[in-house]
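Structure assessment
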Amino acid sequence: MRSLRKMLLYILPVFLLAVVLLSQTLCGSGKRSDEDRSIGERFHHETSLTWLGALGDAFRGKPEEPPQYKTYPGAEIIELPEPVYRGLVLEEAIAGRRSVRNYSTNAMTSLQLSQLLFAAQGITGKTYDQYLRTAPSAGATYPFEIYVVVHNVENLPQGIYHYAVLEHGLALVRSGDFRDEITGAGLDQEMLGDADVVLVMSAIFNRTRHTYLERGFRYVYIEAGHISQNLYLEAVSLGLGSVAVGAFLDEKINELIGVDGHNEAAVYLQAVGTL
Ligand SMILES: Cc1cc2nc3c(=O)[nH]c(=O)nc-3n(C[C@H](O)[C@H](O)[C@H](O)COP(=O)(O)O)c2cc1C
């Protein structure tokens, strides 16, 4: 009796492990072949986590890790006002959040822009040598760069600016009036030209892929949602209107902000304007 119990003690865990691995293998192989799947289904399937897949990942080559912060050497950093605004109670902002596509012609203030950028990616903490930001990020890999297409902001000439996270400032990427260009790139959604600013969330995928391989793509897209929600709520709190925009011509937006669409690509836009 005792030897039977001893045998079970050893055999049962091995048996259970075998069942788990077998089921993972069967699930992993799937019932449908790649040809039966749409590109979206394949993306979801091929970035699904399994225990076997996770084990395999340990032996796969990882892409090189790009620098955590993008800089524009030579560009002057325009300091933004310190984000100090204390606005609505959070629950009021949540209850008041709506996608707003009509704006007034009044200019946004640079303090409002500062507050929006802080909500999107501002630094709020530090662990060891790693700064932490307002929006969560898988493994604190922070794949996103924020570009601001400025149409109508007090004391800030029209143009495309890059948000310098460490300095909480802006580096000018291109100067000019890009209202028509961004509207065209956004499938003629007029609010993209009517807004005071359009924030472009652009991802350097390898920052996250370096740690999470193909699964990292999912994390990047999820993270865009976190940033966008912060922007939505901050806009409500500031009395501004905003709308997230996922429908745009990728190549055109990438060209506009000057990224290659491969190592770095625009993922999501957010128009914000005064009411
Ligand atoms: C992923 C995503 C993409 C979106 N893309 C667009 C868009 O391209 N144009 C637009 O006008 N609204 C867009 N929206 C806003 C939705 O239309 C809006 O959230 C929805 O109608 C619900 O309204 P509400 O945000 O006011 O609650 C998008 C929202 C999400 C979450």
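Read on for an overview of the structure. (Residues numbered from 1 in each chain as written. Predicted model: local features only at pLDDT ≥ 70, side-chain atom pairs only at ≥ 80, totals over all residues. Heavy atoms only, no water.)

1. Structural notes on the pattern of salt bridges
What the rule picks out here adds up to six salt bridges. The residue R209 makes a salt bridge to E214 at a minimum N-O spacing of 3.1 Å. Note on R209: relative accessible area 23%, which makes it partly exposed. Taking the relative accessible area as the measure of exposure, E214 reaches 37% and is therefore partly exposed. (Salt bridge = Lys/Arg side-chain N within 4 Å of Asp/Glu carboxyl O. Buried < 20%, exposed > 50% of the residue type's maximum accessible area, 1.4 Å probe, protein only.)

2. Regarding the site of the ligand
Lining the immediate surroundings of the ligand are R97, R98, S99, R101, Q189, M191, V243, A244, V245, G246, A247 and Y268. R98 is positioned such that a nitrogen or oxygen atom in its side chain is 2.8 Å from an oxygen atom of the ligand. Between the ligand and R101 there is a distance of 2.7 Å, counted from an oxygen atom to a side-chain nitrogen or oxygen. When the free accessible area of the ligand is taken as 620 Å², the share hidden by the protein chains comes to 55%. Looking at which element gives the most residues to the shell around the ligand, the answer is strand β8 (residues 240-245), with three residues. (Near = heavy atom within 4 Å. Polar contact = N/O pair within 3.5 Å; in protein donor to acceptor, adjacent residues only side chain to side chain. Areas by Shrake-Rupley, 256 points an atom, 1.4 Å probe, with all protein chains shown as cover. Helix = DSSP H or I, 4+ residues; strand = E, 2+ residues; numbered from the N terminus.)

3. Side note on the sheet that holds strand β4 (residues 144-150)
Think of a sheet as strands paired side by side through backbone hydrogen bonds, with each pair either parallel or antiparallel. Spatially, β1-β6-β5-β4-β7-β9-β8 is the arrangement adopted by the seven strands of the open sheet, whose pairing is antiparallel. Here the strands that pair on one side only, and so sit at the sheet edges, are β1 (77-79) and β8. Between one strand and the next, the sheet's axes are offset by a mean angle of 30 degrees, whatever the strand orientation. One ladder, built from eight bridges, connects strand β7 (residues 197-204) with strand β9 (residues 264-274); its direction is antiparallel. Within β9, the residue paired with I204 across the bridge is E264. Relative to the sheet, helix α8 (residues 205-212) contacts β4, β7 and β9, its axis offset from that of β7 by approximately 35 degrees. Sheet contacts for helix α10 (residues 250-257): β4, β5 (159-164), β6 (169-175), β7 and β9; angle to β9, the most-contacted strand, approximately 80 degrees. (Pairing = 2+ DSSP bridges. Axes fitted to C-alpha atoms, helices over the stretch in contact; angles between N-to-C directions. Contact = heavy atoms within 4.5 Å.)

4. What to know about the environment of L156
Looking at the element boundaries, L156 is found in the loop between β4 and β5. The class for L156 is buried, based on a relative accessible area of 11%. It is 9.4 Å that separates the C-alpha atoms of L156 and I78, two residues lying 78 residues apart in sequence. Leaving out residues up to four positions away in the same chain, L156 has contacts with I78, L113, V150, Y161 and L170.

5. Quick notes on the side chain of E145
Note on placement: E145 falls in strand β4. Among the polar contacts listed, one links the side chain of E145 to the side chain of H162, at a separation of 2.5 Å. Aside from chain neighbours lying at most four places away, what touches E145 is Q68, K70, H162, V200, M201, S202, I204, R207 and E264.

6. Focus: the pairing of β5
Of all six residues in β5, six are buried; the element is thus mostly enclosed. Bridge count between β4 and β5: four bridges; the pairing is antiparallel. Its bridge partner being in β5, V148 is matched across the sheet by Y161. Examined bridge by bridge, β5 and β6 share six bridges and lie antiparallel to one another. What sits directly across from H162, in β6, is A171. In sequence, β5 turns back onto β6 through a hairpin of four residues, with H168 there showing a positive phi of about 45 degrees.

7. What about α10?
All of the buried residues along α10 are I253, N254, L256 and I257. The buried residues of α10 occupy one face: seen down the axis, they fall within an arc of 160 degrees. Elements that come into contact with the buried residues of α10 comprise β4, β5, β6, α6 (179-185), β7 and β9. (Arc of directions from axis to C-beta.)

8. Here's the deal with a nonpolar patch on the surface
Side chains of L52, L55 and F59 sit close together on the surface and give an oily, nonpolar patch of about 350 Å² of accessible area. Topologically, F59 is positioned in the loop between α3 (51-57) and β1. (Patch = residues over 30% accessible without salt bridge, like charges linked within 9 Å, V, L, I, M, F, W, Y side chains within 5 Å.)

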